[in-house]
Each structure stands twice: as C-alpha cells, then as structure tokens.
Amino acid sequence: MALQCGIVGLPNVGKSTLFNCLSNAKAQSANFPFCTIEPNVGVITVPDQRINDLMEISKSEKAIPTTVEIVDIAGLVKGASKGEGLGNKFLANIRETDAIIHVLRCFDDDNITHVDGSIDPVRDKEIIDTELQLKDLETVEARISKVKNQARTGNDKRAQKIMSLLEQYKEALEKGYSARTVSIDDAAKAEFLNDLHLLTDKPILYVCNVDEASVKTGNGYTEKIKKIAEAENSEILIIGAAIESDIAELESYDERKMFLEDLGLEEAGVSKLIKAAYSLLKLKTYFTTGQKETRAWTFKDGMKAPQCAGVIHTDFEKGFIRAEVIKFNDFISLGSEAACREAGKIGIEGKEYVVQDGDIMHFRFNV
C-alpha cells in the first residue's frame, strides 16, 4: 500500500538529518535553508518483533517485514501560500502525502542558524499552520464558487450538502483553525469531498527535535508543544536527531544497544517514529507464515478479509471463499499451526470478518 508520511518543518529544524537516519538516504543536510529541493522518498522497514517470533517457530527460510514510505519535503517559510521561498513546490508535495510528520526545533544551538533568528517552536508551528490554512481556504473558496449556484436552486440536494460542508471548513479556516478540527465524519468526506484533499485535514504527528540532555524527559519547549497537541487531539514524539545520527553510524546491534543503554533509552527514536508513522496512516499488519517465509502484510484499519486477501493478489479477493485465522498469541503459546488446529484455535471467517492487527491468515479462494 503506497501511503506516505511527509516530513515537514521550517528550514534547519533537523528534517533531513532525521530522514537520513530513517532511510539511510543521502539527502543533503546543511546549515542553510532549502538544502532539500526535491522530495526524497524513503521506503522504510517497520520494526516488529512479532515477525521474528513467527519466523523462529515456523523455521522460515526468510522474513519479509512491512514498510512505510517517508517523504522529506523542502523547508517552508512565511508567505509560502503566496509562493514565497519554495512555497508552491512545498505545498504541491505535501498535498500528495497522506499524513504529516511536523518536525519542530526544540533545542538551543548558536552554531545552527534559525530562519527567524530565535528558537520558538510554538511560533514555528503557527507559521506552517497559517500557510497551510491559507492554502486550504483558497481551495475551499474556489470550490464554493463552483457549487454555490447549484446549491441555490433548491433542487440539487447534493450541491446543498457539499455547500454546507464547505461552509463549515471555511468558517474554521477563517478563524485560524485547521480543517481537521471540523467534525465531519469520514463517510461524508468520502461521499461529497473525496477530491478536496485539504492540507490541514491530514493526520499529524509533532516531532520535537531536542538535544541529548532533553531526549528522555523533554524540556520547556516540548512542554509547550505537548499542551498544544493535547488540545488538538494530536500526538507528539520527543527525539534527538543528532543522537539518532550517531546511532545510525554504529555498525553492530550490540554497539547500538550499548549506546542506547548509556543514554538510558530502551529503543532508538527512529524506531518509535517509524511505528508512529505507521499508526498515523491507520495501518495495521497481518501475517502469513510457513517454512518458506514469514511475511508481514500491510492493511488499512477496518478492512475486511476479502480486501486483505487482495493485498496479496487481486485474484485472492475476486475468488475469496473464506479465511482461516489464528490469533498471534495463540500461535506463539501453542507453537504451531497444527497445535492451534488441534486446540480449536483456528477461526473460519467469511467476507464480513474485520481483520485485526497481528492476525495470522490463510486465505481460501477460487478463480
């Protein structure tokens, strides 16, 4: 599933450094604005211990983990909605992503210049929010101008519904609120506004880039962002991009583990970020396992068994008969498919079964 998270932020907040740690790509990281001109795309493995556990039990020859796509997008500046800096390119690139990872600088360092001359992550967040909201307002007003005459006739119920939804967005955006704060259910968006693609309607994760001393507990900057995120019902993640860069240079697992232990950390920040990105996109994982391979498959939360079968191959969905489902914990505790079958722990599910994260699936189909 080609869903993408876009990493955004003002210039020099640590976006490209973080992206390099995530993907080992060679995005240039330099102390000047716009060092990332074209968006860099990284296809990144999602850390998941479950695949190792299944591989060990099944004695699989190989394991294929699931992945998530991360896009490093050029830094935005004030006035981007009017084309300032690389504004038009930035906005076009972010429109193509499905979720936003907003990196905020939450550390002091006189050697790294800030585009606005001082460190204030709240201000930085508001700059990007404002530019995205202005662009969304432009989009909404353009759509309103197209449907308002149809809505006024009194006969076009669909146009009237669209107009009502657009007016809700317009009111919020004019007040400086993002589109995601408007309470419109996903079904209505899909039916009436599926092609609107508002920038501020995308799910968002705030990543606070901190110094080494703040990576465990955060600091005054991160506390401010935490309060804002809570008010927006968004998530935040505290990470030290410079530390992650050091970890990425270590070759062995043992070296990385020792480095993390010295810092008092259980897990690298990039692992947390990848998992958070996967969750932000509302993605989940089911597994197939056997002697040949153990494989993780990505599906969208809420998908039913035939749709998940189609992730493997379209023929599986077209000819779907049933799914045999083993819960992950049952497989681990009993130790094999045969043991699960003997214990009655294999569920036979039909077309309406909503696949759960961690399910071990075997599809029966006929084409």
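Everything below is about the structure shown above.
Presented here is a report on the structure given in the accompanying data block.

1. Regarding the overall build of the chain
Next, step 1: A count of helices and strands for the chain gives 14 helices and 12 strands.
Next, step 2: Relative to its full complement of 367 residues, the chain shows a buried share of 47%.
Next, step 3: Within the structure as shown, the chain displays about 18400 Å² of accessible surface, and the carbon and sulfur contribution to it stands at 47%.

2. Structural notes on the environment of Gly176
Next, step 1: Here Gly176 lies in the loop between α5 (157–174) and α6 (186–192).
Next, step 2: The spatial distance from the C-alpha of Gly176 to the C-alpha of Glu126 is 9.5 Å, given a sequence separation of 50 residues.

3. Some remarks on the side chain of Thr200
Next, step 1: Along the polypeptide, Thr200 turns up in the loop between α6 and β6 (204–209).
Next, step 2: For Thr200, the side chain forms a polar contact with the main-chain nitrogen of Ala179, separated by 2.8 Å.
Next, step 3: Among residues more than four places away in sequence, those in contact with Thr200 are Leu132, Gln133, Asp136, Leu173, Ser178, Ala179 and Arg180.

4. Here's the deal with the packing of helix α4 (residues 121–152) against helix α7 (residues 220–232)
Next, step 1: Contact geometry of α4 with α7 gives a least axis separation of 9 Å together with a crossing angle of 40°. As judged from the angle between their axes, α4 and α7 are oblique. Counting all contacts with α4, which are made through Pro121, Val122, Lys125 and Asp129, the residues of α7 involved are Tyr221, Lys224, Ile225, Ile228 and Glu232.
Next, step 2: Its residues assigned to classes, the contact of α4 with α7 comprises 5 nonpolar, no polar and 4 charged.

5. Describing the packing of aromatic side chains
Next, step 1: Considering all chains together, one arrives at 6 aromatic pairs under this definition.
Next, step 2: Where Tyr286 meets Phe363, the ring centres are 5.8 Å apart and the plane angle is 85°; that geometry is what we call edge-to-face. With Tyr286 in strand β8 (residues 283–289) and Phe363 in strand β12 (residues 360–365), the pair connects residues that are 77 residues apart, well separated along the chain. Both residues of the pair, Tyr286 and Phe363, belong to the buried class.
Next, step 3: Feature note: the residues Tyr286, Trp297, Phe299, Phe320 and Phe363 constitute an aromatic cluster, connected by ring pairs.

6. What to know about unusual backbone geometry
Next, step 1: One non-glycine residue, Asn12, adopts positive backbone phi at about 65°.
Next, step 2: Relative to the helices and strands, Asn12 is located in the loop between β1 (4–8) and α1 (15–23).

7. Overview of the environment of Ser336
Next, step 1: By secondary structure assignment, the location of Ser336 is in the loop between α13 (328–334) and α14 (337–342).
Next, step 2: Given a relative accessible area of 27%, Ser336 falls into the partly exposed group.
Next, step 3: Considered as a pair, Ser336 and Ile57 are 279 residues apart in the sequence and their alpha carbons are 7.0 Å apart.
Next, step 4: Beyond its immediate chain neighbours, meaning those up to four positions away, Ser336 contacts Ile57 and Phe331.

8. Structural notes on the layout of surface pockets
Next, step 1: Of the pockets and cavities examined, the largest pocket occupies roughly 1000 Å³.
Next, step 2: In terms of lining, the largest pocket is formed by 28 residues, of which the most central are Asp186, Lys189, Asp201, Lys202 and Pro203.
Next, step 3: Among the elements that line the lining of the largest pocket, the one with the most residues is α6, at 3 residues.
Next, step 4: The residue inventory of the lining of the largest pocket, partitioned by class, reads 11 nonpolar, 5 polar and 12 charged.
Next, step 5: Its volume calculated, the second largest pocket comes out at about 770 Å³.
Next, step 6: Contributions of two or more residues to the lining of the second largest pocket are made by α1, β2 (40–45), α8 (241–249), α9 (253–263) and α10 (269–280).
Next, step 7: Here the lining of the second largest pocket gets 5 residues from one element, more than from any other, and that element is α9.
Next, step 8: Among the residues forming the lining of the second largest pocket, the class breakdown is 16 nonpolar, 4 polar and 8 charged.

9. Points about the pattern of salt bridges
Pairs may arise between side chains of opposite charge once their charged atoms sit close together.
Next, step 1: Throughout the structure, instances matching the rule amount to 17 salt bridges.
Next, step 2: Of the charged contacts in the structure, one is a salt bridge between Lys125 and Asp129, with a shortest N-O distance of 2.3 Å. Linking Lys125 with Asp129, this pair stays in helix α4, spanning 4 residues, or about one helical turn. For the residue pair Lys125 and Asp129, the accessibility class agrees, reading buried in each case.

10. Points about the packing of α4 against α5
Next, step 1: Running from N to C, α4 and α5 point in directions that differ by 150°, and their axes come no closer than 9 Å. It follows that α4 is roughly antiparallel to α5 by the angle criterion. Between α4 and α5 the crossing geometry is left-handed. Counting all contacts with α4, which are made through Gln133, Asp136, Leu137, Val140, Glu141, Arg143, Ile144, Val147, Lys148, Gln150 and Ala151, the residues of α5 involved are Ala159, Gln160, Ile162, Met163, Leu166, Glu167, Tyr169, Lys170, Leu173 and Glu174.
Next, step 2: For the contact of α4 with α5, the per-class residue count stands at 11 nonpolar, 3 polar and 7 charged.

11. What about the environment of Asp201?
Next, step 1: Note that Asp201 resides in the loop between α6 and β6.
Next, step 2: When neighbours within four sequence positions are excluded, Asp201 is seen to be in contact with Asp136, Tyr169, Ala179, Arg180 and Lys189.

12. Quick notes on the pairing of β6
Next, step 1: In terms of burial, β6 is a largely internal element, 6 of the 6 residues being buried.
Next, step 2: Here β6 shows two buried faces, one formed by Ile204, Tyr206 and Cys208 and the other by Leu205, Val207 and Asn209.
Next, step 3: Across 6 bridges, strand β5 (residues 99–105) lies against β6 in parallel orientation. Residue pairing across strands places Val103 opposite Val207, the latter belonging to β6.
Next, step 4: Strand direction decides the pairing type here: β6 and strand β7 (residues 235–239), joined by 5 bridges, are parallel. Bridging across to β7, Asn209 finds its partner in Ile239.
Next, step 5: Each parallel crossover has a hand, and the one from β6 via α7 to β7 is right-handed.

Here is what the cut-offs are and how they apply
Residues numbered from 1 in each chain as written. Predicted model: local features only at pLDDT ≥ 70, side-chain atom pairs only at ≥ 80, totals over all residues. Heavy atoms only, no water. Helix = DSSP H or I, 4+ residues; strand = E, 2+ residues; numbered from the N terminus. Buried < 20%, exposed > 50% of the residue type's maximum accessible area, 1.4 Å probe, protein only. Areas by Shrake-Rupley, 256 points an atom, 1.4 Å probe, with all protein chains shown as cover. Polar contact = N/O pair within 3.5 Å; in protein donor to acceptor, adjacent residues only side chain to side chain. Contact = heavy atoms within 4.5 Å. Axes fitted to C-alpha atoms, helices over the stretch in contact; angles between N-to-C directions. Parallel < 35°, antiparallel > 145°, perpendicular 65-115°, else oblique. Nonpolar A, V, L, I, M, F, W, Y, C, P; charged D, E, K, R; others polar. Phe/Tyr/Trp six-rings, centres within 6.5 Å; stacked < 30°, edge-to-face > 60°. 1 Å grid on protein atoms, 1.4 Å probe; cavity = no way out; pocket = protein on both sides within 12 Å on 5 of 7 lines; lining within 4 Å. Points joined across faces, edges and corners; volume = space filled by probe spheres on them. Salt bridge = Lys/Arg side-chain N within 4 Å of Asp/Glu carboxyl O. Left-handed = near helix turned anticlockwise from the far one by under 90°. Pairing = 2+ DSSP bridges. Right-handed = clockwise from strand over helix to strand, strands pointing away.

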